[in-house]
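Letter by letter, the chains look like this.
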Amino acid sequence: MTREQITNDCLAAIDSSKCLLALLSTGIGKTRITIDCINKICDKVFSKENDRTDVLIVVDKKVHIQNWKDEFKKWGGVRTDNVVFCCYASLHKYAGSCWDVVVLDECHHVGSETRLNALSTINIAYNLIGLSATVSRELRAWFKRKYRTTIVSCTTQDAVDCGILPDPIIYLMRLVLDNQHVTELYEIKKKDSS
C-alpha cells in the first residue's frame, strides 16, 4: 500500500458510494486526499450542471479552519469559491441546508445524537466525506445504515509496515515535565518475518 493507492481508493469510493469514511492514520495525508476528492467532485458538478460546487467543511474548533485554508494554498486550492466552514457545535444551524459535498474533519466528533440528527437532515447532492483515525464501531454502523458508505482504512501499523510512515521512536519522559533531559530512548525494531 502506498499514499497513491490510498488516494486512488478514496477517489474511486466517491464515484461508487454516497459516503466515504477515510479512516487514515495521522501523517497519511487525509487533508490532501480530501482536496483531491473535492476537486474531482467539482469537475463532475461543473461538467453535469455547469455550476459551482457548494462545499461545507465541518471542523472541531475554529483554529482548524485556518489549517484547512493553509492546506488549500499548499496543495493548489479547490475548484470552487463556495466553501463554508463551521464547527461541530454549530452544525445544528445547517440542518435542512443543501450542499454538493460535506466534509467532516475528525468525524468522530459528530457522534452525539444532536449532531447526528442535524447531519441527517442536510441534503447532500454528491458526497459526504468523513475523516478520522479513530471512529467507533457504533459510528461506523450509523454511517453504513444512513448512507451508502465505503471505508478506506490505513492504520498506523499498516502505514509503518508499508513504509508510508517511519518506525516510531518512543521517548520516556520523567514524571516531572522536562523535555530537555530525556531519560531513555527506545526504538521499535521490526519483527523478523522469516
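Residues numbered from 1 in each chain as written. Predicted model: local features only at pLDDT ≥ 70, side-chain atom pairs only at ≥ 80, totals over all residues. Heavy atoms only, no water.

1. Digging into the overall build of the protein
A count of helical and extended segments in the protein gives six helices and eight strands. Walking the protein from its N terminus toward its C terminus, one meets helices and strands in the order α-β-α-β-α-β-β-α-β-α-β-α-β-β. Taken across its 194 residues, the protein has 41% of its residues classed as buried. Contacts spanning at least 24 positions in sequence make up 72% of the contacts within the protein whose residues lie at least 6 apart. With an accessible surface of roughly 11400 Å², the protein has 49% of that area assigned to carbon and sulfur atoms. (Helix = DSSP H or I, 4+ residues; strand = E, 2+ residues; numbered from the N terminus. Buried < 20%, exposed > 50% of the residue type's maximum accessible area, 1.4 Å probe, protein only. Contact = heavy atoms within 4.5 Å. Areas by Shrake-Rupley, 256 points an atom, 1.4 Å probe, with all protein chains shown as cover.)

2. Examining unusual backbone geometry
The phi angle of most residues is negative, glycine excepted, and most peptide bonds adopt the trans form. We note that Glu106 has phi near 50 degrees; this positive angle belongs to a residue other than glycine. Within the element layout of this structure, Glu106 appears in the loop between strand E4 (98–104) and helix H4 (113–121). According to the relative accessible area criterion, Glu106 is partly exposed, its value standing at 27%.

3. Description of the environment of Cys87
Among the secondary structure elements, Cys87 is positioned in strand E3 (residues 82–87). We classify Cys87 as buried; its relative accessible area is 12%. Here the alpha-carbon distance between Cys87 and His64, two residues 23 residues apart in the chain, equals 9.1 Å.

4. Some points on the pattern of salt bridges
All chains considered together, the criterion is met by four salt bridges. Between Lys44 and Asp15 there is a salt bridge, with the nearest N and O atoms lying 3.3 Å from each other. Placement of the pair is Lys44 in helix H2 (residues 30–49) and Asp15 in helix H1 (residues 3–16), with a sequence separation of 29 residues. Judged by relative accessible area, which is 45%, Asp15 ranks as partly exposed. Arg52 is the partner of Asp54 in a salt bridge, and the nearest nitrogen-oxygen pair spans 3.0 Å. Three or more residues are tied together by salt bridges with common partners; here these are Asp15, Lys40 and Lys44. (Salt bridge = Lys/Arg side-chain N within 4 Å of Asp/Glu carboxyl O.)

5. A look at the side chain of Ser17
In this fold, Ser17 is placed in the loop between H1 and strand E1 (19–24). Judged by its relative accessible area of 6%, Ser17 is buried. Every residue in contact with Ser17, bar those within four places of it in the chain, is listed here: Asn127, Arg148, Thr149 and Thr150.

6. With respect to the packing of aromatic side chains
The final tally for this structure, using the stated rule, is six aromatic pairs. Measuring from centroid to centroid gives 6.2 Å for Tyr94 and Trp99, while their planes differ by 55 degrees, and the two rings are tilted. Taken together, the ring pairs in this structure connect Trp68, Phe72 and Phe85 into an aromatic cluster. (Phe/Tyr/Trp six-rings, centres within 6.5 Å; stacked < 30°, edge-to-face > 60°.)

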